[in-house]
Amino acid sequence: MKLSLILIFLLVLPSVVSARVTPNDYYQQSRANFESQLSKISDVGKRDKVKQADQLLYDINQKVCSRFDEDLNKLSVILEELKRRNGVTETVVAFGQGDTQLDTAAYWLNYAAEAVAYQKIQDYTPSLNLSSLSGSFTIQINSLKGDLGVLKNKILRAKSEVKKAVDQYDK
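Remember, predicted model here, so these are calculated numbers, not experimental data. Along each chain, residue indices are assigned from 1 in the same order as the chain's sequence is written. In keeping with the model being predicted, local features are shown solely for residues with a pLDDT of at least 70 and side-chain atom pairs are shown and tallied solely at 80 or more, while totals for entire chains, interfaces and linings include all residues. Only heavy atoms go into the side-chain values, all of them from the structure, while hydrogens and water stay out.

K.L.:
Just to check I follow, could you spell out the environment of Pro 126 for this structure?
P.N.:
Numbering of helices and strands starts at the N terminus; helices are DSSP runs of H or I of at least 4 residues and strands are runs of E of at least 2. If you trace the backbone, Pro 126 turns up in the loop between helix H4 (101-120) and helix H5 (133-169). Discounting residues that sit within four places of it in the chain, Pro 126 has contacts with Phe 34, Asp 54, Ser 136, Phe 137 and Gln 140. The criterion used for residue contact is that any of the two residues' heavy atoms lie within 4.5 Å.

Right under this line is the structure:
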């Protein structure tokens, strides 16, 4: 009797299936959709231009992010030298709640570095609209420009905070 109740109970209960969807899954789906739509373009010249435009979006993002990485590395070197000159061995980089300007500068440098790392992995693969290919790219170009603008402001904030630290400690 107990065994039959357990079997009925197990058969009646809906089973829960959980699957983990990763950002890479979204990227792969986006690329598959792009390739599928790309294959529908019969004009080889147009198809090549679409591929080039897609690659150009990726290249621009990576190039700008590399430049921002270089800028952040220079700011980090400046901050580390400032800490060394003032005998500071560590800074508190937690939620921007440090006690000193060095802590604040370190926080903003870390925040900007994480933002650059996040930006590097962003996907600007267009969802192709075969009736308006340029419109498909316009959306992604605007998105890339906006995202890079936000990132630029984070870098500028980090630079500003490092400058404040230099002004305060290098008197």
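Read on for the rest.
K.L.:
How should helix H3 (residues 44-85) be read in this particular structure?
P.N.:
Because each turn of an α-helix spans 3.6 residues, side chains separated by three or four positions end up pointing in the same direction. By definition here, a helix of n residues has an expected span of 1.5 Å times n minus one. The terminal C-alpha atoms of H3, which comprises 42 residues, lie 61 Å apart, in line with the 62 Å expected from a rise of 1.5 Å per residue. Where H3 is concerned, the buried positions are Val 50, Asp 54, Leu 57, Asn 61, Cys 65, Phe 68, Leu 72, Leu 75, Leu 79, Leu 82 and Lys 83. Those residues of H3 that are buried are in contact with helix H2 (23-39), H4 and H5. Under this definition, polar contacts are N or O atom pairs within 3.5 Å; protein pairs additionally need one hydrogen-donor-capable and one acceptor-capable atom, and for neighbouring residues in sequence, both atoms have to be side-chain atoms. In this structure Asp 43 caps H3, since a side-chain oxygen of it lies 3.0 Å from the backbone nitrogen of Gly 45. Residue burial is assigned from relative accessible area. The probe radius is 1.4 Å, only protein chains are included, and a residue is buried under 20% of its type maximum, exposed over 50%, and partly exposed in between.

K.L.:
Help me out: how do you make sense of the pattern of salt bridges in this one?
P.N.:
Where charged atoms from two side chains of opposite charge approach closely, those side chains can pair. Counted as salt bridges are all cases of a side-chain nitrogen of Lys or Arg within 4 Å of a carboxyl oxygen of Asp or Glu. For the structure on display, the rule yields ten salt bridges. The salt bridge partner of Glu 80 is Lys 83, with a shortest N-O separation of 3.2 Å. Placement of the pair is Glu 80 and Lys 83 together in helix H3, with a separation of three residues, close to one helical turn. Taking the relative accessible area as the measure of exposure, Lys 83 reaches 8% and is therefore buried. Salt bridges linked by common partners bring Arg 31, Glu 35 and Asp 54 together as one network.

K.L.:
Even after reading the chapter, I still don't get the nonpolar core, so can you show me in this structure?
P.N.:
Note that soluble globular proteins tend to have their nonpolar side chains buried in a common cluster. Put simply, buried Ala, Val, Leu, Ile, Met, Phe, Trp, Tyr and Cys residues joined by side-chain atoms within 4.5 Å make one nonpolar core. In terms of nonpolar packing, the biggest core is built from 30 residues, with Val 50, Leu 72, Leu 109, Val 116, Leu 128 and Leu 151 touching the most fellow members. For this core, the secondary structure elements donating two or more residues are H2, H3, H4 and H5. At nine residues, H5 tops the list of elements feeding residues into this core. For Val 116, the contacting residues outside a window of four places in its chain are Cys 65, Phe 68, Asp 69, Leu 72, Leu 151 and Ile 155.

K.L.:
Explain the packing of H2 against H3 here, please?
P.N.:
In a pair of packed helices, the angle between the axes and the distance between the axes together describe the arrangement. Look at H2 against H3: their axes get within 11 Å of each other, and the N-to-C directions meet at 160 degrees. One way to sum up the angle between H2 and H3 is to call them roughly antiparallel. Seen from above, H2 lies across H3 with right-handed handedness. Facing H2, whose interface residues are Arg 31, Phe 34 and Leu 38, H3 presents Arg 47, Val 50, Lys 51 and Asp 54. Note that Gly is not counted as nonpolar here; it falls among the polar residues with everything else outside the nonpolar set of Ala, Val, Leu, Ile, Met, Phe, Trp, Tyr, Cys and Pro and the charged set of Asp, Glu, Lys and Arg. Considered class by class, the residues forming the contact of H2 with H3 number three nonpolar, no polar and four charged. To obtain an axis, a line is fitted to C-alpha atoms, over the contacting stretch when the element is a helix, and the angle between two such axes runs from 0 to 180 degrees between their N-to-C directions. The scheme is simple: roughly parallel for angles under 35 degrees, roughly antiparallel for over 145, roughly perpendicular for 65 to 115, oblique for anything else. Throughout, a crossing is termed right-handed when the near helix is turned clockwise from the far one, and left-handed when it is turned anticlockwise from it by less than a right angle.

No statement about biological role is implied by the geometric values presented.
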